[in-house]
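# Analysis of the macromolecular model
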Amino acid sequence: MKVTANMATVPSRISQCIHAIDSIAPQVDLVRVYCNGHTKEEAIFIKNGAPDNVQVFMSDSAMGDRGDIGKFYFADQPGQIYFSCDDDLLYPPDYVKHTIDQLNRYGAGTVLTYHGSELKHPVRDYYRDRIAYACLRQLNHDVEVDVGGSGVMCFNTDAIKVDLTFFEHPNMSDIYISALTKMQGSRIICLKHSQGWIKYMEVPDTIYDRHKNNCEIQTRVVNEYFSNRSQLDRV
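As a starting point, this report considers the structure included with it. Quantities reported herein were computed from a predicted structural model and do not represent experimental measurements.

Here helix 4 (residues 173-183) crosses helix 6 (residues 216-226) at 5 degrees, and the two axes come no closer than 10 Å. When the interaxial angle is binned, helix 4 and helix 6 end up roughly parallel. Mapping the contact onto sequence places Ile175, Tyr176, Ser178, Ala179, Lys182 and Met183 in helix 4 and Gln218, Val221, Val222, Tyr225 and Phe226 in helix 6. Tallied by class, residues from the contact of helix 4 with helix 6 come to eight nonpolar, two polar and one charged.

Strand order in the open sheet formed by three strands is 8-7-10, and the pairing between neighbours is antiparallel. Each of the sheet's edge strands pairs with one partner strand only, and the pair in question is strand 8 (130-133) and strand 10 (147-148). Across two bridges, the pairing between strand 7 (residues 116-119) and strand 10 is antiparallel. Bridging across to strand 10, Ser117 finds its partner in Val147.

A word on the environment of Met63. Examined against the element boundaries, Met63 turns out to sit in the loop between strand 3 (54-58) and strand 4 (80-85). Taking the C-alpha atoms as reference points, Met63 and Arg32, 31 residues apart in sequence, are found 15 Å from one another. Among residues more than four places away in sequence, those in contact with Met63 are Tyr34, Ile69, Gly70, Tyr73 and Leu164.

What follows concerns the environment of Ile21. Among the structural elements, Ile21 can be located in helix 1 (residues 14-24). What makes Ile21 buried here is its relative accessible area of 1%. Each C-alpha atom, one on Ile21 and one on Ser117, is 26 Å from the other, the two residues being 96 residues apart in sequence. Aside from chain neighbours lying at most four places away, what touches Ile21 is Met7, Pro26, Val33, Ile46, Ala50, Pro51 and Val54.

Ile21, Ile24, Phe83 and Tyr95 are the most contacted members of the largest nonpolar core, which has 37 residues in total. Sorting elements by how many residues they give to this core places helix 1 first, with six residues. Non-local contacts of Tyr95, meaning those with residues more than four positions away in its chain, are made with Ile24, Gln27, Phe83, Tyr114, Val152, Met153, Trp197 and Ile198. Formed by 33 residues, the second largest nonpolar core is a distinct cluster that contains Val111, Phe167, Ile175 and Phe226.

Here we take up the sheet that holds strand 9 (residues 143-144). Taking strand neighbours across the sheet as the criterion, the eight strands line up as 3-2-1-4-11-6-12-9 in an open arrangement whose pairing is mixed. In this open sheet, the two strands that pair with only one neighbour each are strand 3 and strand 9. In terms of strand pairing, strand 1 (residues 2-9) meets strand 4 through six bridges, oriented parallel. Its bridge partner being in strand 4, Met7 is matched across the sheet by Cys85.

Rules used in this analysis
Residues numbered from 1 in each chain as written. Predicted model: local features only at pLDDT ≥ 70, side-chain atom pairs only at ≥ 80, totals over all residues. Heavy atoms only, no water. Axes fitted to C-alpha atoms, helices over the stretch in contact; angles between N-to-C directions. Helix = DSSP H or I, 4+ residues; strand = E, 2+ residues; numbered from the N terminus. Parallel < 35°, antiparallel > 145°, perpendicular 65-115°, else oblique. Contact = heavy atoms within 4.5 Å. Nonpolar A, V, L, I, M, F, W, Y, C, P; charged D, E, K, R; others polar. Pairing = 2+ DSSP bridges. Buried < 20%, exposed > 50% of the residue type's maximum accessible area, 1.4 Å probe, protein only. Core = buried A, V, L, I, M, F, W, Y, C linked by side-chain atoms within 4.5 Å.

Next comes the structure, spelled out in structure tokens:
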């Protein structure tokens, strides 16, 4: 199967995006970068500084500027070990191999991540009513989660079917990919990891910063798709 890394980015993160690409490209067969709102010159700049296995796609020629949904633009294609990545993270040299080893251990029907949360029902505030496991902090055991972080996620596209029409609102990919996984009867496992294994690059604006005090839509959607899910046990 082809191993792919898939990333969405914005013009204000060109420098971070290039570093993120450089960290993941040597580990995969193909890197796809979905450029939201970039000029042609900006997209060419990213491509010219990238390894040969990197493809760059402009949102104007695809589905438009849909925020982080762009990282799943190719997830409906079969035959992939699909890594969805973020443009503000640096991935360690053993990231892909280690994750694929764990996918083989858990089985192709499992979605793996290094960032996730268990929802605390009833969910009145998406960002407050949850137990979070962060990819930047140490996690001493694998844990099954409700919502997986899509910036550090991996799955087999033959086993997990992605329908982009399901992603109604932009910049809510974590919730939508997790709901799709649940609807297919599959699990999301947040894998144990050490602090500092995955590294963060400072960026001027994040989805969390933008919505942490105004998450009405996120809260409504998680209650719609996760309200009947019982508390999950650690594995």
